[in-house]
Amino acid sequence: MPAGLFHALQNSNRIGTKALRRRSASVLLISLGMGAFVSCSRDTSTAAPDATFGSQEILILQGKETLQVTPERMTGSGTFAFVTSLGAVQDGSSFDFAFTLQETGSITLVTYANETLSDGIEYTITNEGGSVKMTYSSGQRVHDLSSVLPESTKETVRNRSAATRLWVDVHNNEFPLHTLIWSGSSEPKDAINPESAFFNSESLLTPAERESGSYTFPSAAGRGRFWGFRLNNAELTDARRTDPLYEEEVE
Amino acid sequence: MTICNFASSTKAFCVALSLVTFFLNASKGLAEDSGLKTVLAADLVARFDLGGSDATDSLEVRGVELGLYGPIDHTFDGAISFASHPSEEGPYLELHEAVISATRLPLPVQVKVGEFFLGVGRLNAIHQHERPFIASPKIHTLVFDDAEGAKDTGAEVKWLAPWALPTELSLGVTNGWTFGHSHTKGTQPDRPLVYSRLTIFGDSALLGAEHSSSGLLVGVSYLSRRPDQDQGPDFDLFGADVTLKIRRGNQILWLWQSEGWYRELFAPSASVETLVGGYSVAERHAWDRLFLGLRAEGMVMPGQRDLLGRTERNQTLALGPLLSWKHSEFQTFRMEVLFEHARTPARTTESQSLALQSNFILGAHPAHDF
C-alpha cells in the first residue's frame, strides 16, 4: 500500500468514484485479514554504511573528516546515526552509552528522530572547562538537569579517569514524554525503579499541570524512528539500545 | 478524573460501594420502581512465564468495576461506572463511563452523550472482563494505546437504516485531549477526535432456519485523530470486524470473532509509519459448560526501511489455545496459552505464557447488544 495513500485520499477532492471504490476495497481487504502478512518489497538500495561501531552499522551525517571511527570507539566531532531503526515510533527504548569529554566538549544522544536526526528527543552533556552540565529537550522545550546530575558523575566527566556511563529510558509512547536516567559503572539491575534513577520526568509534573494539560517541561514525543549521537571533542566507547529498563504495568 | 493514590482511591471506592449498597437496601422499593440496577464485576488474572515472556508469575486483580444504570425517565437512560485497575502507584480508580442516552426517540436514532468507550471496532466497546479471551490482542493495545481500549468524552449518534437488512451507522465526536492510556488531562488537540462505524446484522433468516437466534455481525470503522503536535503524530485508523454466533436455544455452540486494523501515522503531512494487524478467535461448546477455543493474531509494519533504504521487518505473530468453563452467565474460569513470535529491526524473540482468569459479576447484568 503506497505510503500516505489515505492521507491523500482524505484531502483530495479529485479522486473519481471508481478509484475510490478500488482503494476502499483495498483497505477492506487488508483490514479483514486474519493474520499478519509480510511486505514483499524488494531492496533497491545500493548504499553502504560509513562504518561499524560496536556491531552496529552507522551513517556519518556530519564531520566525516573530523570523526575517527573504529569498532571500539568514536572520537572527535561530528554527527552520526545508526542505520537500523528503533522499530515503531510510538514505543519505548533504553539507551546505554559510555563516553568521555575533552576539557571543552559535549555529547548529545538523539532518539526517536527522523533520518537527519531532527524532530527527536535529545540528551546533552557538556564540559565547559570543568563545569559539567546536562540538559534534555523535545519540541521547543529544554530542561536543565545539571542540578540533579550526581556529583560523582560530574567528577568522572571532569577527570576522565574512566568513561562516564548513563542509561536513559525514553518512553515515546507516553504523554507527556516520560524519561528516566540512571548513572553508574554498571547496569542498575537490582535497582531498576523510578526512585533509583537520578532523574524521572514525572517528578516535574505538578498537579496543576495534570489538570491543565499545559506543561513547562519537554513533553513532546519524538516523531521519528532513528537514533544517533552528536559529538564535539568527545569520545564514545559504547552505545546500545534495549527495551526500556523500567516499564509501567498497563493491562 | 484526576488520579487517586492508593489510600484515597481504595477509600473512595469503598465509600462509594457502601453508599450504593446502603441506599439500595434502605430504599429497595424505590430502586425497584425506578428501574435502577447495580452491577459489580471483578476480573482476576494470573500470568505465568513459560519462556521469554514478560509475565510476572503472579495473580492480580486486573480490574474491579462498579456500575449503575437504568432509565432516567420515559426518554432517557443513564449509566455510570467506576473501575479500579493496577498501576505503578497502586490500584488506580477512575471513572469508566458516565453516559446519558436517548434510546426511545420517535426516530430511528439513538444519541448518547458523556464519557464512554468509543464505538469503533468490535472489541473496544466490550469491557475487558467480558471478552472471549484473557490477554488483549497486541494490535488492539497498539492502535488504542491501552489494553482495555480508548474512551473519551463526547457524543455519539446511531442511525438505523429503514431497509429490511439491519444496518446501523454511528458517528461520534469527542474531545480528543487524550487517547488510550493516560493519567493526565491531556492537551487540546488541533481538532476533536471523530469516528464512525457501519454495522450490518444478519440473523437466522440469513443463516438458515435451523440456526434460530444465531447471528452474524459485520462492521467497518474509521477513526481520525489530530492531536496537538507535542502529543505525537496525527493518525487515521480503518478497521473491519466480523462476529458470528451460532446458538441452539440460549446456548452458544460456536463463536467466531475477527477484527483487523490499518493505521497510518503522519508527522507532519507525510506518512512515517503504517501498521496492519488483526486477530481471530474461534470457540466451540465442547461439553456441559466447557468451551474450547483457539486465538490467532498478527501485526506488521510494512514499508519500513533503514537508513540505507533496506527493508526492515517489524512483525508479531501469536497463537494459542483457550479453555473456558462458563459456570453461569455470571462466572467464567478461563485458561489461555499464548505462543508469540516477534521480529523487530534489532532482534527476533519468541515467548510463551500461561494465563488463568476468573471473572464474576454480581447484580443485574446489562443486556448485550450481540
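Now for a look at the structure at hand. (Residues numbered from 1 in each chain as written. Chains lettered and ligands numbered in written order. Predicted model: local features only at pLDDT ≥ 70, side-chain atom pairs only at ≥ 80, totals over all residues. Heavy atoms only, no water.)

Some remarks on the overall build of chain B
For chain B, the count of helices and strands is four helices and 16 strands. Split into buried and exposed, the 370 residues of chain B put 51% on the buried side. For chain B, restricting intrachain contacts to residue pairs at least 6 apart in sequence, the fraction spanning at least 24 positions comes to 54%. Just so you have it, chain B exposes about 16400 Å², and 63% of that area is on carbon and sulfur atoms. (Helix = DSSP H or I, 4+ residues; strand = E, 2+ residues; numbered from the N terminus. Buried < 20%, exposed > 50% of the residue type's maximum accessible area, 1.4 Å probe, protein only. Contact = heavy atoms within 4.5 Å. Areas by Shrake-Rupley, 256 points an atom, 1.4 Å probe, with all protein chains shown as cover.)

Considering the overall build of chain A
The number of helices and strands found in chain A is four helices and twelve strands. Split into buried and exposed, the 251 residues of chain A put 48% on the buried side. Taking the intrachain contacts of chain A between residues at least 6 apart in sequence as the baseline, contacts between residues at least 24 apart amount to 60%. Element-wise, carbon and sulfur atoms account for 48% of the exposed surface of chain A, whose accessible area totals about 11800 Å².

Things to note about the nonpolar core
Residues Phe80, Phe97, Phe229 and Leu236 of chain A are the most contacted members of the largest nonpolar core, which totals 42 residues. Those elements that provide at least two residues to this core are β1 (51-53), β2 (56-62), β4 (74-82), β5 (92-113), β6 (121-128), β7 (131-138), β9 (164-171) and β12 (226-242) of chain A. In terms of residues, this core owes the most to one element, β5 of chain A, which gives seven residues. Beyond its immediate chain neighbours, meaning those up to four positions away, Leu236 of chain A contacts Phe53, Glu72, Arg73, Met74, Phe80, Phe97, Ala98, Phe99, Ile107, Phe229 and Leu231 of chain A. Residues Val99, Phe179, Leu237 and Met299 of chain B belong to the second largest nonpolar core, which totals 21 residues. (Core = buried A, V, L, I, M, F, W, Y, C linked by side-chain atoms within 4.5 Å.)

Quick word on the packing of aromatic side chains
Enumeration according to the criterion identifies 20 aromatic pairs over all chains in this entry. Ring plane angle 50 degrees and centroid distance 5.0 Å describe the contact between Phe95 of chain A and Trp227 of chain A, whose orientation is recorded as tilted. Of this pair, Phe95 of chain A sits in strand β5 while Trp227 of chain A sits in strand β12, and the two are 132 residues apart along the sequence. Of the residues examined, Phe95 of chain A reaches a relative accessible area of 1% and is grouped as buried. Residue classification places Trp227 of chain A among the buried positions, given a relative accessible area of 3%. Ring geometry for Tyr215 of chain A versus Phe217 of chain A: centroids 5.7 Å apart, planes at 55 degrees, classification tilted. Classification of Phe217 of chain A by relative accessible area gives buried; the value is 3%. Every member of this aromatic cluster is reached through a ring pair, and the members are Phe53, Phe80, Phe82, Phe95, Phe97, Phe99, Trp227 and Phe229 of chain A. One residue, Arg295 of chain B, lies across the ring of Phe133 of chain B, its end atom 4.8 Å from the ring centre. Over the ring of Phe291 of chain B we find Lys326 of chain B, and its NZ or CZ is 4.3 Å from the ring centre. (Phe/Tyr/Trp six-rings, centres within 6.5 Å; stacked < 30°, edge-to-face > 60°. Lys NZ or Arg CZ within 6 Å of the ring centre and 35° of its normal.)

Digging into empty space enclosed by the protein
To find the voids left in a structure, one rolls a probe of water-molecule size over its atoms. Residues and elements named next belong to chain B. Inspection of the entire model under this criterion finds three cavities of 30 Å³ or more. Its boundaries defined by the atoms lining it, the largest cavity holds a volume of some 70 Å³. Taken together, Ala41, Asp43, Arg62, Gly63, Val64, Glu65, Ala83, His85, His96, Gln128, His129 and Glu148 make up the lining of the largest cavity. Counting residues per element, the ones that place at least two in the lining of the largest cavity are β1 (37-51), β2 (58-71) and β3 (76-85). The dominant element in the lining of the largest cavity, judged by the number of residues it contributes, is β2, at four residues. The class makeup of the residues in the lining of the largest cavity is three nonpolar, five polar and four charged. (1 Å grid on protein atoms, 1.4 Å probe; cavity = no way out; pocket = protein on both sides within 12 Å on 5 of 7 lines; lining within 4 Å. Points joined across faces, edges and corners; volume = space filled by probe spheres on them. Nonpolar A, V, L, I, M, F, W, Y, C, P; charged D, E, K, R; others polar.)

Description of a nonpolar patch on the surface
A surface patch of nonpolar side chains, amounting to about 500 Å² of accessible area, comprises Trp159, Trp163, Leu165, Leu198, Ile200 and Val218 of chain B. Here Val218 of chain B lies in strand β9 (residues 215-226). (Patch = residues over 30% accessible without salt bridge, like charges linked within 9 Å, V, L, I, M, F, W, Y side chains within 5 Å. Salt bridge = Lys/Arg side-chain N within 4 Å of Asp/Glu carboxyl O.)

Description of helix α3 (residues 151-159) of chain A
Residue and element names in this part refer to chain A. Of the residues making up α3, those classed as buried are Thr153, Lys154 and Val157. One face of α3 carries all of its buried residues, which in axial projection span an arc of 100 degrees. Exposed residues on α3 whose side chains face more than 90 degrees from its buried face are Glu151 and Ser152. Buried residues along α3 sit in contact with β5, β6, β7, β9 and β10 (178-183). Immediately beyond the C-terminal end of α3, within one or two residues, lies Arg160, with a positive phi of roughly 55 degrees. (Arc of directions from axis to C-beta.)

Quick look at the environment of Gly184 of chain A
All names here are of chain A. When you line up the elements, Gly184 lands in the loop between β10 and β11 (199-200). Placed 31 residues apart in sequence, Gly184 and Thr153 show a C-alpha to C-alpha distance of 7.5 Å. Excluding residues that lie within four positions of it along the chain, Gly184 makes contacts with Arg165 and Trp167.

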